[in-house]
Amino acid sequence: MSREYNVAVLGATGAVGREMLNSLSDRGFPVKSVKALASSRSAGSVLEFDGKELKVEEVGPDSFKGSDIALFSAGSGASSEYAPLAAKSGCVVVDNSSYWRQDPRVPLVIPEVNSNAVKKHKGIIANPNCSTIQMLVALKPIYDAVGIKRVVVSTYQSVSGTGQKGVEELAEQTRLLFNSQEYAPKVYPHRIAFNCLPHIDAFTDNGYTKEEMKMVNETVKIFDDPNILVTATCVRVPVFYGHSESVWMETGRAIKPEAARELLARAPGVLVLDDPAQNVYPLASEAAGREDVLVGRIRADNTLENGLVMWVVADNLKKGAATNAVEIAELLIRDPELLKTDWS
Ligand code: A2P
């Protein structure tokens, strides 16, 4: 009989954590047991896994003993505290927070892009930012074929990227506005309903936000290319699920849109939807619930010979987070050596 694994999910009650449970089940991950972990706030509540009830436990220092793999999506504080404890107890952590992403001991992995990096882990592997994942899945085939010197990206990110509280804030504000009632923004600094906020995560000293700098720095680490230039503007939009991105790139050598379209059509994890004459292009409403990255509006830049532009959309909770984490876990179980940890 093939081996099955003890899996823990930290942050199991959250927007991404629930998707992690769904993804383990939907993708048929060989699970022996699943432990749902969260804070004391939701300990004792009940979730569902594979049609069965799953009781949520409060995370503690001993929670990961006996687990083979833990998927974390409980924020940076919980990741900084519990990921080393889990790794030291022999459990490999796939962490969705930003806390470990730039740590040199921690590979930052998108299976379609740099699956080999997983081999260097010592017990913690980082899942990239949702906006970085979908952009790089779409850039990878072009990067490999002709090189990419520079990327200019603008994002249109859904509120589920902020977690369940973001979803609730958009729903509540929309309802109140339709009923001519007062609302008070809680999660976002301004009204998100019927609005666009050019502000995701905190501002940094260089005028960019942390979210924007994640796209810059994570691209360099994942492509292992210190020369690639990225500039990003990240915008929160009143969409519940699915992030959209306008991605402009300057390639190393010229590539025709038709050739890029063909490369993308053959690329793993990508679905090309590109027939503008028939109103066919990627939409957040179509990406929601899917595991692949949708790419369309592929066209030549009209100002630069080696410029190429495209529109990239994905479900931020799935490929942007949970699916990518479970795909990393799938890489781990292909080789028993990869389930060993060496965190000190
Ligand atoms: P809880 O339900 O107990 O608050 P979201 O991203 O949708 O906001 O969800 C965050 C997830 O992370 C929830 O499952 C939440 O659990 C969990 N979480 C947040 N902080 C901690 C913490 N310090 N320890 C454990 N779990 C945490």
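Residue numbers run consecutively from 1 along every chain, following the written order of its sequence. At least 70 in pLDDT is required for a residue's local features to be given in this predicted model, at least 80 for side-chain atom pairs to be given and counted, and no such filter applies to totals for whole chains, interfaces and linings, which use all residues. Excluding hydrogens and water, the side-chain figures rest on all heavy atoms present in the structure.

Asks: Residues and numbers for the overall build of the protein, please.
Replies: Every helix listed is a DSSP run of H or I at least four residues long, and every strand listed is a run of E at least two residues long, numbered separately from the N terminus. Across its full length, the protein carries nine helices and 13 strands. The globule rule is 2.2 Å times the number of residues to the power 0.38, and the radius of gyration it is compared with is taken over C-alpha atoms. In terms of overall dimensions, the protein is globule-like: its C-alpha atoms have a radius of gyration of 20 Å, near the 20 Å expected for 344 residues. By residue count, 54% of the 344 residues in the protein fall in the buried class. It only takes one pair of heavy atoms within 4.5 Å for two residues to be counted as in contact. Considering only contacts in the protein between residues 6 or more positions apart, those separated by 24 or more positions represent 67%. The protein chains shown are the only cover counted for residues, whose accessible areas, like all others here, come from Shrake-Rupley with a 1.4 Å probe. With the model as given, the accessible surface of the protein reaches about 15,400 Å², and the carbon-plus-sulfur share is 49%. Each charge sign in the protein was given a centre, from 37 positive and 43 negative side chains, and these centres are 3 Å apart. The buried label goes to any residue with under 20% of its type's maximum accessible area, the exposed label to any with over 50%, and the partly exposed label to all in between, with areas taken from a 1.4 Å probe on protein chains only. The sign given to each residue is positive for Lys and Arg and negative for Asp and Glu; His and the chain ends receive no count. Where a charge lies is defined by one atom per residue type, namely NZ (Lys), CZ (Arg), CG (Asp) and CD (Glu).

Asks: Quick one: what's the story with the domain arrangement of the protein, residue by residue and with numbers?
Replies: Taken domain by domain, the protein comprises domain 1 (5-128 + 321-339) and domain 2 (132-316). Measuring from the centre of the C-alpha atoms in domain 1 to the corresponding centre in domain 2 gives 25 Å. Taken together, the contact between domain 1 and domain 2 spans 17 residues of the former and 18 residues of the latter. Two parts placed together each lose some accessible area under a 1.4 Å probe, and the buried area is that loss summed for both. In total, about 1,500 Å² of surface goes out of reach between domain 1 and domain 2, with carbon and sulfur atoms giving 61% of it. Segment limits for the domains were obtained from an automatic or database-derived domain assignment.

Asks: Give me the state of the cysteines: which residues, what numbers.
Replies: Two cysteine sulfurs form what is called a disulfide whenever their separation falls within 2.5 Å. Under the counting rule described, the total for this entry stands at zero disulfides. With no disulfide partner, C196 has as its closest neighbouring cysteine sulfur the one in C234, 13 Å distant. The class for C196 is partly exposed, based on a relative accessible area of 49%.

Asks: So what's going on with helix α2 (residues 75-88)? Which residues, and what values?
Replies: Under the convention used throughout, the expected extent of a helix is 1.5 Å for every residue step, that is, one less than its residue count. Look at α2: 20 Å from first C-alpha to last across 14 residues, which is about the 20 Å you get at 1.5 Å a residue. At Y82, α2 shows its largest bend, some 35°, and a proline, P84, comes one to four positions later. Among the structural elements, β1 (5-10), β5 (69-72), β6 (92-95) and β7 (124-126) are those in contact with the buried residues of α2. Phi turns positive one or two residues past the end of α2, at G90, with a value near 90°. What is called the bend at a residue is the angle between a pair of axes, fitted to the seven residues leading up to and ending at it and to the seven starting from it.

Asks: Could you give an account of the packing of helix α4 (residues 130-146) against helix α7 (residues 257-266), with specific residues and numbers?
Replies: Axes, fitted as lines to C-alpha atoms, cover a helix only where it is in contact. Angles between the N-to-C directions of the axes lie from 0 to 180 degrees. In contact at an axis separation of 9 Å, α4 and α7 are set at 120° when each is read in the N-to-C sense. Between α4 and α7, the crossing angle belongs to the class labelled oblique. Like other packed secondary-structure pairs, α4 and α7 cross with a definite hand, here right-handed. Where α4 abuts α7, its residues A138, P141, I142 and A145 lie against A260, L263 and L264. In this count, Pro and Cys sit with the nonpolar residues alongside Ala, Val, Leu, Ile, Met, Phe, Trp and Tyr, while Asp, Glu, Lys and Arg are called charged and the others, Gly among them, polar. Classifying every residue of the contact of α4 with α7 gives seven nonpolar, no polar and no charged. The labels follow the angle: roughly parallel below 35 degrees, roughly antiparallel above 145, roughly perpendicular from 65 to 115, and oblique for the rest. Helix crossings are classified by the rotation of the near helix relative to the far one: an anticlockwise turn of less than a right angle makes the crossing left-handed, while a clockwise turn makes it right-handed.

Asks: So what's going on with the nonpolar core? Residues and values would help.
Replies: Put simply, buried Ala, Val, Leu, Ile, Met, Phe, Trp, Tyr and Cys residues joined by side-chain atoms within 4.5 Å make one nonpolar core. Ranked by internal contacts, the top residues of the largest apolar core, which has 57 residues, are F64, F72, M135, L139, I142, V295 and M310. With nine residues, the single largest contributor to this core is α4. A domain-level breakdown of this core finds at least three residues from each of domain 1 (5-128 + 321-339) and domain 2 (132-316). Residues in contact with M135, not counting those within four places in the same chain, are V151, V153, M215, T219, V230, E245 and V247. Listed in part, the 37 residues of the second largest apolar core include Y5, L24, A36 and L338.

Asks: So what's going on with the packing of α4 against helix α6 (residues 210-223)? Residues and values would help.
Replies: Taken N-terminus to C-terminus, the directions of α4 and α6 make an angle of 40°; their axes are 10 Å apart at the nearest point. Compared by their axis directions, α4 and α6 come out oblique. At the point where α4 passes α6, the crossing takes the right-handed sense. The residues of α6 that touch α4, namely those facing C130, S131, T132, M135, L136, L139, K140 and Y143, are E211, K214, M215, E218, T219, I222 and F223.

Asks: Help me get a handle on the site of the ligand, residues and values and all.
Replies: Throughout, near means a residue has at least one heavy atom within 4 Å of the molecule or strand. Every one of the 17 residues lining the ligand counts as a neighbour, but T13, A15, S39, R41 and S42 are closest to it. Take G14: an N or O atom from its main chain is 3.1 Å from an oxygen atom of the ligand. Under this definition, polar contacts are N or O atom pairs within 3.5 Å; protein pairs additionally need one hydrogen-donor-capable and one acceptor-capable atom, and for neighbouring residues in sequence, both atoms have to be side-chain atoms. In this structure, an oxygen atom belonging to the ligand sits 2.5 Å away from a side-chain N or O atom of S39. Here the ligand has 570 Å² of accessible area as a free molecule, and 73% of this is covered by the chains.

Asks: Can you break down the sheet that holds strand β8 (residues 148-157) residue by residue, with the values?
Replies: Where strands meet in a sheet, backbone hydrogen bonds hold them as pairs that are either parallel or antiparallel. Here the rule is simple: two strands pair whenever DSSP picks up at least two bridges between them. Pairing is mixed across the open sheet formed by six strands, whose spatial order is β9-β8-β10-β13-β12-β11. The outermost strands of the open sheet, each flanked by one partner alone, are β9 (229-236) and β11 (270-272). Pairs of neighbouring strands in the sheet enclose a mean axial angle of 20°, with direction left out of account. Across eight bridges, β8 lies against strand β10 (residues 243-251) in antiparallel orientation. Counterpart to S154 in the pairing with β10 is S246. In the packing of α4 onto the sheet, the strands contacted are β8, β9, β10, β11, β12 (293-300) and β13 (307-314), and the crossing angle to β10 comes to about 30°. Set on the sheet, α7 makes contact with β11, β12 and β13; between it and β12 the angle comes to about 165°.

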